[in-house]
Amino acid sequence: MNRVKKNDTVRVIAGKDRGTSERPKEGRVIRVYPKQDRVLVEGVNRATKHTQLRTGGRGAQEGGISHEEAPIPLSNVMPVCPSCGAPTRVGTRVVDGARTRYCRKCESEF
């Protein structure tokens, strides 16, 4: 079981996008790439993409500069517990035959 899933809130703890100690960067997970050990986080690691100008269906020009998120390594993020609001390590336990994730700080499940 992965420690990070889609729609989790994570905090960036390493890399160029970690922010400052007063303002750490947090975001929602858009997509997880388990085979590459990477994760796509909303608003983090924004890359500039240049697309060629071309004429659309009604003569409008499409293209220009756009900013998109790029995947970052899974080891650079830490899940944020929804109940205590702190970045925490994730544990797993079996409850009624199903594995669930829980916060290692406050013991609440998420």
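Report follows, based on the coordinates.

What counts and how
- Residues numbered from 1 in each chain as written.
- Predicted model: local features only at pLDDT ≥ 70, side-chain atom pairs only at ≥ 80, totals over all residues.
- Heavy atoms only, no water.
- Helix = DSSP H or I, 4+ residues; strand = E, 2+ residues; numbered from the N terminus.
- Buried < 20%, exposed > 50% of the residue type's maximum accessible area, 1.4 Å probe, protein only.
- Contact = heavy atoms within 4.5 Å.
- Areas by Shrake-Rupley, 256 points an atom, 1.4 Å probe, with all protein chains shown as cover.
- Lys, Arg positive; Asp, Glu negative; His and termini not counted.
- Charge placed at Lys NZ, Arg CZ, Asp CG, Glu CD.
- Pairing = 2+ DSSP bridges.

1. Some thoughts on the overall build of the chain
Here is step 1: Scanning the chain from terminus to terminus reveals 0 helices and 9 strands.
Here is step 2: For the chain, the sequential pattern of α-helices and β-strands runs β-β-β-β-β-β-β-β-β.
Here is step 3: Across its three principal axes, the chain shows a C-alpha extent of roughly 60 × 35 × 25 Å.
Here is step 4: Sorting the 110 residues of the chain into buried and exposed places 27% on the buried side.
Here is step 5: Relative to all contacts within the chain whose residues are 6 or more apart in sequence, the contacts with residues 24 or more apart total 43%.
Here is step 6: Summed over all atoms, the accessible surface of the chain reaches about 7600 Å², with 45% contributed by carbon and sulfur.
Here is step 7: Averaging the positions of the 22 positive and the 12 negative side-chain charges in the chain gives two centres separated by 3 Å.

2. Details of the pairing of strand S9 (residues 98–103)
Here is step 1: As paired elements, strand S8 (residues 90–95) and S9 share 6 bridges and run antiparallel to each other. Bridge pairing in S9 links threonine 92 to arginine 101.

3. Concerning the sheet that holds strand S2 (residues 26–33)
Here is step 1: Within the open sheet, the 5 strands sit side by side as S6-S3-S2-S1-S7. Their pairing is antiparallel. Two strands lie at the open edges of the sheet, namely strand S6 (72–73) and strand S7 (77–79), each paired on one side alone.
Here is step 2: Here 3 bridges tie strand S1 (residues 9–12) to S2, and the two strands are oriented antiparallel to one another. Residue pairing in the sheet places threonine 9 in a bridge with arginine 28 of S2.

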